[in-house]
Amino acid sequence: MPLGIDRSHFLADKVKKLEKEATTKDERIAALETENAMLYLKLAQLRSMLQSTREEVSVLQSQYETELQFKQSVAESAFKFKQELDQIRRQASSLQKVAIDLPQQFQKELTNANSVIQRQKHMFLSQSSSMSTLQDQLNHLQDTLQDITERHDKEKKRRQELHNILMELRGNIRVHCRIRPLMEFDCGSDDTVTFGRPGTKSEVVVHYVDEENICVRTTKHNKVFEYERVYSPSEGQDQVFDEVQPMLTSLLDGYNICIMAYGQTGSGKTHTMLGSHKNEDYNLTTDPHPEEGVIPRATRELFRLISEKPPDSYTLEVSVVEIYNNDIRDLLSNDSSAKHDVITGADGSLNLPTLTSKPVETVHDVMRMVQYGLRTRRETATLVHEHSSRSHLVVSLTLTSQAPDFFSLNKPPTPTQEISTGSVGGRDRKARPQSVTMSSSSLSSLVDQSTNSRESPGPGSTAAVIRTKLQLVDLAGSECVGMSGVTGAALREASHINKSLSALADVLGALAEHRSHVPYRNSRLTHLLQDSIGGDAKLLVLLCVAPAQRYITETSQCLGFGQRARQVQRGPTKRRLPSSAEKVGAESVHQRPRSGPSLGQSPR
Ligand SMILES: Nc1ncnc2c1ncn2[C@@H]1O[C@H](COP(=O)(O)OP(=O)(O)OP(=O)(O)O)[C@@H](O)[C@H]1O
């Protein structure tokens, strides 16, 4: 083969091949381009699908996230619930345990409580048995105490009775002592702020110890005084009168009675005997008043006792006398300045023949008479207090029994007493013998007035007349002239008061020491009260004391006076008897030596 032909062939072939290949390729390209377009389309479709898918995915994503969150929160809640559940389970299981233990524990505690109750019950039973033993012992002790108290009271009463009998047998003077409360005027010129303070003049130095003892306590000494009865400052008028009351029955039994208040000025004598100055006119009423004193109370009691007796069997008369500057003045007389004197009768009896004596029928009558007398009684305002009594006041109540059967109305006489009767209203001295034996000098005049005014029982009547007298004495107060600050006439009064009171003390001293001479006549006071002091009246001295230091000298003197009075022994008190009266009256001077020297040696 030639090289040029072959090569063109080859090239033609080749071109042809290439052309074929190119056509194939073009076809291929067209196909590919179609395919590519298709693919683009598809791609677009796919893209839009992708887009929507993406959106869906995003929605789903967000849903998923929401769900995831929800799931998470559910999971969290579930976890929490689980935890709570676990806790509840745990609690339930512990509760279960407790529930299981509880009955056992309860049972245990119940058992314990039962045993405690049993123990307590046992203790209670043993305690209540010891309590009841103690209660029994207490009851027993209380019974014993009550028994002892009753026995003590009985013994005390018995002792008091025996003491009283002994006193009566000896003829002792009963002495009571009343301590008044501290009053504003006890300060004197001191500052009232220091009222009652220790170291001041109003300091309380007089102390109530018990019903029978009083103590004076100062920086220098302590001294105890004993009396039949001591009244504390808190005891009132009624308590004082409770002690006085039994004496009044004696008056109806035929004994003379004298109650005398003694003490320094301002110590409460007038308060005790009449009542408080604060009560207008000392309470001149018929009705009882809590503050009224011994005089209205005694009068009321006398009328009460009389009301228990047959009508008209007793009559009462009153006389009111003052001893002022050693003169006796009749405060019921129209002429109260007239002086009266004690007259000694032929039989030795004492009389005040000129004295006024008024019949009385009610307490009001008596108090009206006393009031009348008080209006003229001398009073002066002193530095101690504004109503200082400047005279001794003696209110006498004379009781006349007109009972024909006196002794059936009263106690039977003792064998030593002589009984006879006299004709009432007769002029024969034997017909009115009791009047002569009266301790007061006013008696004779009273006898004359009353016997004359009485309706006489017919001739041959055997009616007995018996007179007894109640003397109620409010003494003027002893006073320290410096302290009371009186001058001029008042100083003279004070001097008379002090003199008469010291005469009274001298009489008691002489009686107590059984001296042969008893100086009754040294003063009108002692002369007037001679029969009551040295004679046979039942005599009660009411000492009145103020508690303040400023009066210590006067108080000590007063308490000493009381001690001296207690030592006086006058022999048995004599009962008034209708027939023996004159005899007793005539003998009164001579009989006294039997009871002790003091009784027989009164100077007449
Ligand atoms: N126990 C008492 N309770 C209350 N007040 C009392 C008591 N005792 C006395 N008094 C009062 O003290 C004052 C003086 O008393 P009272 O006038 O009785 O004294 P007195 O001793 O009679 O004096 P004088 O001797 O100067 O007349 C009065 O205001 C009185 O009311």
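Thresholds, definitions, all that
Residues numbered from 1 in each chain as written. Predicted model: local features only at pLDDT ≥ 70, side-chain atom pairs only at ≥ 80, totals over all residues. Heavy atoms only, no water. UniProt positions renumbered as here; feature names shortened; annotations may be inferred. Helix = DSSP H or I, 4+ residues; strand = E, 2+ residues; numbered from the N terminus. Buried < 20%, exposed > 50% of the residue type's maximum accessible area, 1.4 Å probe, protein only. Expected span 1.5 Å × (residues − 1). Near = heavy atom within 4 Å. Polar contact = N/O pair within 3.5 Å; in protein donor to acceptor, adjacent residues only side chain to side chain. Areas by Shrake-Rupley, 256 points an atom, 1.4 Å probe, with all protein chains shown as cover. Nonpolar A, V, L, I, M, F, W, Y, C, P; charged D, E, K, R; others polar. Pairing = 2+ DSSP bridges. Axes fitted to C-alpha atoms, helices over the stretch in contact; angles between N-to-C directions. Contact = heavy atoms within 4.5 Å. Parallel < 35°, antiparallel > 145°, perpendicular 65-115°, else oblique. Left-handed = near helix turned anticlockwise from the far one by under 90°. Patch = residues over 30% accessible without salt bridge, like charges linked within 9 Å, V, L, I, M, F, W, Y side chains within 5 Å. Salt bridge = Lys/Arg side-chain N within 4 Å of Asp/Glu carboxyl O. Phe/Tyr/Trp six-rings, centres within 6.5 Å; stacked < 30°, edge-to-face > 60°. Lys NZ or Arg CZ within 6 Å of the ring centre and 35° of its normal.

Student: I tried to follow the UniProt feature "binding site: ATP" (unreviewed entry) in the chain on my own but got confused; where do I start?
Tutor: Under the local residue numbering, the UniProt record ascribes the feature "binding site: ATP" (unreviewed entry) to Gly263, Gln264, Thr265, Gly266, Ser267, Gly268, Lys269 and Thr270. With respect to the helices, strands and loops of the structure, Thr265 is situated in the loop between strand E6 (257-263) and helix H3 (269-273). Taking the relative accessible area as the measure of exposure, Thr265 reaches 3% and is therefore buried. In this fold, Gly268 is placed in the loop between E6 and H3. For Gly268, a relative accessible area of 17% puts it in the buried group.

Student: Even after reading the chapter, I still don't get helix H13 (residues 552-567), so can you show me in this structure?
Tutor: Count 3.6 residues to each turn of an α-helix, and residues three or four apart come out pointing the same way. Between its first and last C-alpha atoms H13 spans 23 Å; for 16 residues at 1.5 Å apiece the expected length is 22 Å, and the two agree. Of all the positions in H13, only Ile552, Glu554, Thr555, Cys558, Leu559, Phe561, Gly562, Ala565 and Arg566 are classed as buried.

Student: How should I be thinking about the UniProt feature "coiled-coil region" (unreviewed entry) in the chain in this particular structure?
Tutor: The positions that UniProt labels "coiled-coil region" (unreviewed entry) are, in the present scheme, residues 15-63 and 131-165. End C-alpha to end C-alpha, residues 131-165 measures 48 Å, and it is 100% helix and 0% strand.

Student: How should the site of the ligand be read in this particular structure?
Tutor: Taken together, 20 residues surround the ligand, and among them Thr265, Lys269, Thr270, His271 and Ser389 come closest. In the environment of the ligand, an oxygen atom lies 2.7 Å from a nitrogen or oxygen atom belonging to the side chain of Thr270. The backbone of Gly477 places a nitrogen or oxygen atom 3.1 Å from an oxygen atom of the ligand. For the ligand, whose accessible area on its own is 630 Å², the fraction buried by protein is 90%. Put simply, the parts of the chain that give the shell around the ligand at least two residues each are H3 and strand E14 (388-389). The greatest single-element share of the shell around the ligand, amounting to three residues, is contributed by H3. Its residues assigned to classes, the shell around the ligand shows three nonpolar, 14 polar and three charged.

Student: What am I meant to see in the sheet that holds strand E2 (residues 206-210) here?
Tutor: Strand pairing in a sheet takes place through backbone hydrogen bonds and is either antiparallel or parallel in direction. The three strands lie next to each other as E2-E3-E4, forming an open sheet whose pairing is antiparallel. A strand with exactly one partner marks an edge of an open sheet, and here the two such strands are E2 and strand E4 (222-226). Strand-to-strand twist of the sheet, defined as the mean angle between neighbouring strand axes without regard to direction, takes the value 25°. In the sheet, E2 pairs with strand E3 (residues 213-217) via four bridges, with the strands oriented antiparallel. From the neighbouring strand, Val206 faces E3, where its bridge partner is Val216. In the packing of H13 onto the sheet, the strands contacted are E2, E3 and E4, and the crossing angle to E4 comes to about 40°.

Student: Looking at this structure, I do not really get the packing of helix H4 (residues 294-307) against helix H5 (residues 363-376). What am I missing?
Tutor: Two quantities define a packed helix pair, namely the angle between the axes and the distance from one axis to the other. Where H4 contacts H5, the axes come no closer than 9 Å and their chain directions differ by 150°. It follows that H4 is roughly antiparallel to H5 by the angle criterion. Between H4 and H5 lies a crossing of right-handed hand. Here Ile295, Pro296, Thr299, Arg300 and Phe303 of H4 come into contact with H5, specifically with Val363, Val366, Met367 and Val370. The residue makeup of the contact of H4 with H5, split by class, is seven nonpolar, one polar and one charged.

Student: Help me understand the pairing of strand E16 (residues 466-474), please; the structure alone is not making it clear to me.
Tutor: A regular strand places its side chains on the two faces of the sheet in alternate fashion. When you tally the buried positions in E16, you get nine out of nine residues, the bulk of the element. Alternating positions in E16 separate into two faces, Ile466, Thr468, Leu470, Leu472 and Asp474 on one and Arg467, Lys469, Gln471 and Val473 on the other, with burial throughout. In terms of strand pairing, E6 meets E16 through five bridges, oriented parallel. Across the sheet, the residue bridging to Ala261 is Asp474, located in E16. Where strand E15 (residues 392-401) and E16 come together, nine bridges link them in antiparallel fashion. Note that in E16 the partner of Ser401 across the bridge is Ile466.

Student: Explain H5 to me, please; I cannot follow it from the model alone.
Tutor: Spanning 14 residues, H5 covers 20 Å between terminal C-alpha atoms, matching the ideal 20 Å at 1.5 Å per step. Among the residues of H5, those classed as buried are Val363, Asp365, Val366, Met367, Met369, Val370, Gln371, Gly373 and Leu374. As for H5, its buried residues are in contact with H4, strand E7 (314-324), strand E12 (358-360) and E15.

Student: Help me understand unusual backbone geometry, please; the structure alone is not making it clear to me.
Tutor: With the exception of glycine, the majority of residues adopt a negative phi angle, and the majority of peptide bonds are in the trans configuration. Phi is positive for Asp312, which is not a glycine, with a value near 65°. Position of Asp312 among the secondary structure elements: in the loop between H4 and E7.

Student: Can you help me understand the environment of Asn172 in this one?
Tutor: By the secondary structure assignment, Asn172 is in the loop between helix H1 (3-170) and strand E1 (174-179). Separated by 340 residues in sequence, Asn172 and Ala512 have C-alpha atoms that sit 9.8 Å apart. Those residues within four positions of Asn172 in sequence are excluded, and the remaining contacts are Leu166, Met167, Arg566, Gln567, Val568, Gln569 and Arg570.

Student: It is not clear to me how a nonpolar patch on the surface should be interpreted in this structure. Could you clarify?
Tutor: Residues Leu95, Val98 and Leu102 make up a contiguous nonpolar surface patch of about 280 Å² in total accessible area. Within the secondary structure layout, Val98 lies in helix H1. Classification of Val98 as partly exposed rests on a relative accessible area of 42%.

Student: Would you mind showing me how to read the packing of aromatic side chains here?
Tutor: Any aromatic ring pair is given by two values, namely how distant the centres are and how the planes are angled relative to each other. Taken as a whole and judged by the stated rule, the model has one aromatic pair. Where Tyr262 meets Phe561, the ring centres are 3.7 Å apart and the plane angle is 0°; that geometry is what we call stacked. With Tyr262 in strand E6 and Phe561 in helix H13, this residue pair connects regions lying 299 residues apart in the sequence. We note that Tyr262, like Phe561, is buried. For the cation-ring pair, Lys538 lies above Tyr255, with the distance from its terminal atom to the ring centre recorded as 4.4 Å.

Student: Is there a simple way to explain the pattern of salt bridges in this structure?
Tutor: Opposite charge on two side chains permits them to pair, given that their charged atoms come into close proximity. Counted by the stated rule, this structure contains 16 salt bridges. In this structure, Lys339 and Asp327 form a salt bridge, with 3.5 Å as the shortest nitrogen-oxygen distance. You can see Lys339 sitting in strand E9 (residues 339-340) and its partner Asp327 sitting in strand E8 (residues 327-330), a full 12 residues away along the chain. Under the relative-accessibility criterion, Lys339 is labelled exposed at 58%. Asp327 is the partner of Arg524 in a salt bridge, and the nearest nitrogen-oxygen pair spans 3.7 Å. You can see Arg524 sitting in helix H11 (residues 524-528) and its partner Asp327 sitting in strand E8, a full 197 residues away along the chain.

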